[in-house]
Amino acid sequence: MREEKEIKKVDVEEKLGWNSFNVDKEEHIKLDQKKCREQCETKICVLVCPANLYQLKDGEVIFNYEGCLECGACRVSCPKEALSWSYPRGGFGIRYRYG
Ligand code: SF4
Ligand code: SF4
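As a starting point, this report considers the structure included with it. All values derive from a computational prediction rather than experimental measurement.

## Here we look at the site of ligand 1
Thinking step 1. In the vicinity of ligand 1, the residues found are Cys36, Cys40, Lys43, Ile44, Cys45, Val61, Cys78, Pro79, Lys80, Ala82 and Leu83.
Thinking step 2. Partitioning the shell around ligand 1 into residue classes produces 9 nonpolar, no polar and 2 charged.

Quick look at the structure:
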């Protein structure tokens, strides 16, 4: 008879903890804070970033590029083109670990 293995449930925070980062001192994503403040009603970046790097504080978007998963979700969803977005320089950024 086949032995059933129990599958451990893992939440997103734990999964993100498996990755490692070589953080570049040069920011690879920059925000135009003026556009964010004056033109953006949705602040959709706060919702779409899977790494939770965009935070709302007193109505202002605070961003930290460290921990970026390089998925591009913020770039494609920003309605005001307020992001200057590129991949980190070679050798920097996320290193995914599987399993
Ligand atoms: S969605 Fe774009 S414009 Fe709006 S707060 Fe985020 S980065 Fe700024
Ligand atoms: S590229 Fe992805 S992980 Fe990085 S800041 Fe944008 S939404 Fe977040």
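## Things to note about the packing of aromatic side chains
Thinking step 1. Scanning the entire structure with this criterion turns up 2 aromatic pairs.
Thinking step 2. Judged by centre distance (4.4 Å) and plane angle (25°), the ring pair of Tyr54 and Phe63 falls under stacked.
Thinking step 3. The buried category is assigned to Tyr54, whose relative accessible area is 2%.
Thinking step 4. On the basis of an interplanar angle of 75° and a centroid distance of 5.0 Å, the ring pair of Trp85 and Tyr87 is categorised as edge-to-face.

## Here we look at the pairing of strand β4 (residues 60–63)
Thinking step 1. Where strand β3 (residues 54–57) and β4 come together, 4 bridges link them in antiparallel fashion. Note on β4: the bridge partner recorded for Lys57 is Glu60.
Thinking step 2. Taken together, β3 and the strand that follows it, β4, pair antiparallel across an intervening segment of 2 residues, in which Asp58 is found at a positive phi of about 50°.

## Here we look at the nonpolar core
Thinking step 1. Membership of the largest hydrophobic core comes to 17 residues, with the highest contact counts inside it found for Ile29, Leu31, Tyr54, Cys74 and Leu83.
Thinking step 2. Of all the secondary structure elements, the ones that give two or more residues to this core are β2 (29–31) and β5 (83–85).
Thinking step 3. Once residues within four sequence positions are removed from consideration, Leu83 is found in contact with Ile29, Lys30, Leu31, Tyr54, Cys74, Arg75 and Cys78.

## Observations regarding the site of ligand 2
Thinking step 1. Residues in close proximity to ligand 2 total 14 residues, the closest being Cys49, Cys68, Cys71, Gly72 and Cys74.
Thinking step 2. Residues of the shell around ligand 2, tallied by class, amount to 12 nonpolar, 1 polar and 1 charged.

## Considerations on the environment of Tyr98
Thinking step 1. Relative to the helices and strands, Tyr98 resides in the segment after β6 (93–95).
Thinking step 2. For Tyr98, a relative accessible area of 72% corresponds to the exposed category.
Thinking step 3. The sequence separation of Tyr98 and Trp18 amounts to 80 residues, and the corresponding C-alpha distance is 7.7 Å.

What counts, and where the lines are drawn
Residues numbered from 1 in each chain as written. Chains lettered and ligands numbered in written order. Predicted model: local features only at pLDDT ≥ 70, side-chain atom pairs only at ≥ 80, totals over all residues. Heavy atoms only, no water. Near = heavy atom within 4 Å. Nonpolar A, V, L, I, M, F, W, Y, C, P; charged D, E, K, R; others polar. Phe/Tyr/Trp six-rings, centres within 6.5 Å; stacked < 30°, edge-to-face > 60°. Buried < 20%, exposed > 50% of the residue type's maximum accessible area, 1.4 Å probe, protein only. Pairing = 2+ DSSP bridges. Helix = DSSP H or I, 4+ residues; strand = E, 2+ residues; numbered from the N terminus. Core = buried A, V, L, I, M, F, W, Y, C linked by side-chain atoms within 4.5 Å. Contact = heavy atoms within 4.5 Å.

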